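Letter by letter, the chains look like this.
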Amino acid sequence: MSDSSPVPPAAPVLEVWCELQCPDCRSALEDLRALRARYGDRLELRLRHFPLEKHKHAFAAAQAAEEAFEQGRGWDYVEAVLERVEELDRLGEPFLVAAAAELGLDADEFDTALIDGRHILIVDADQAEGKAIGVTGTPTYVIGGERLDGGRNRAGLRERVEEIADRLLAESA
């Protein structure tokens, strides 16, 4: 006996190419929060890592974010770290572990993940894909096949993402 109920369409995906030591990404938090509030589950926000060489703790922060997603609090962790970019600049990896503990995550597991490098391949793959599609800075958004560079100019960016998301949602209805 087959289930003939319609399969709900997949939510459009907004890829957020981000770096957790980037002040511009911190500025973009307001837009990301507004998009989540407006769309909820109808728009999937997917974090993609693009650590920049000029920020010495960005690669470790990307790995820590992956551990936070694995522990079920990824976006909470991303926001907590971005809100305190200066502390990450100053304190490095110990700050990443402390931020996890503040959120009630398993800080010992964060410490171990940063030592054993279990999330390095994910971060490397994101960075390679980002370069392949033309990401040069953060934040950069990709939605509906369109790349929007938020590092150069954020004016009107959320509105453009909303236009594309609304179109994609209307097309899938």
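These remarks concern the structure in this document. (Residues numbered from 1 in each chain as written. Predicted model: local features only at pLDDT ≥ 70, side-chain atom pairs only at ≥ 80, totals over all residues. Heavy atoms only, no water.)

### Quick word on the pattern of salt bridges
- This structure, assessed with the given rule, holds 21 salt bridges.
- A salt bridge links arginine 46 to glutamate 44; the shortest N-O distance between them is 3.0 Å.
- The class of arginine 46 is partly exposed, set by a relative accessible area of 34%.
- Ionic contacts of the salt-bridge type, sharing partners, join the residues Glu15, Arg48, Asp126 and Glu129 into one network. (Salt bridge = Lys/Arg side-chain N within 4 Å of Asp/Glu carboxyl O. Buried < 20%, exposed > 50% of the residue type's maximum accessible area, 1.4 Å probe, protein only.)

### A closer look at the packing of aromatic side chains
- Enumeration according to the criterion identifies 2 aromatic pairs in this entry.
- With a centroid separation of 5.9 Å and 85 degrees between ring planes, the pair formed by phenylalanine 69 and tryptophan 75 is classed as edge-to-face.
- Exposure remark for phenylalanine 69: the relative accessible area of 30% places this residue in the partly exposed category.
- Centre to centre, the rings of tyrosine 77 and phenylalanine 110 are 5.1 Å apart; their planes meet at 40 degrees, and the pair counts as tilted. (Phe/Tyr/Trp six-rings, centres within 6.5 Å; stacked < 30°, edge-to-face > 60°.)

### Considerations on empty space enclosed by the protein
- One pass over the full model with this rule turns up 1 cavity of 30 Å³ or more.
- There is about 40 Å³ of room inside the largest cavity.
- Every residue along the wall of the largest cavity is listed here: Leu14, Asp31, Leu32, Leu35, Tyr141, Leu157, Arg158 and Val161.
- Looking at the lining of the largest cavity, the elements with two or more residues in it are helix H1 (23-39) and helix H8 (157-172).
- Counted by class, the lining of the largest cavity contains 6 nonpolar, no polar and 2 charged residues. (1 Å grid on protein atoms, 1.4 Å probe; cavity = no way out; pocket = protein on both sides within 12 Å on 5 of 7 lines; lining within 4 Å. Points joined across faces, edges and corners; volume = space filled by probe spheres on them. Helix = DSSP H or I, 4+ residues; strand = E, 2+ residues; numbered from the N terminus. Nonpolar A, V, L, I, M, F, W, Y, C, P; charged D, E, K, R; others polar.)

### So, the sheet that holds strand E2 (residues 44-49)
- Reading across from one edge, E2-E1-E3-E4 is the order of the 4 strands in this open sheet, with mixed pairing throughout. With partners counted over all chains shown, the strands left at the sheet margins are E2 and strand E4 (146-149), one partner each. The sheet shows a mean angle of 20 degrees between the axes of neighbouring strands, taken without regard to direction.
- In this sheet, strand E3 (residues 140-143) lies alongside strand E1 (residues 13-18) in antiparallel orientation, the contact comprising 4 bridges. Looking at E3, one finds that glutamate 15 is bridged to valine 142.
- Relative to the sheet, H8 contacts E1, E3 and E4, its axis offset from that of E4 by approximately 165 degrees. (Pairing = 2+ DSSP bridges. Axes fitted to C-alpha atoms, helices over the stretch in contact; angles between N-to-C directions. Contact = heavy atoms within 4.5 Å.)

These values are about where atoms sit, not about what they do.
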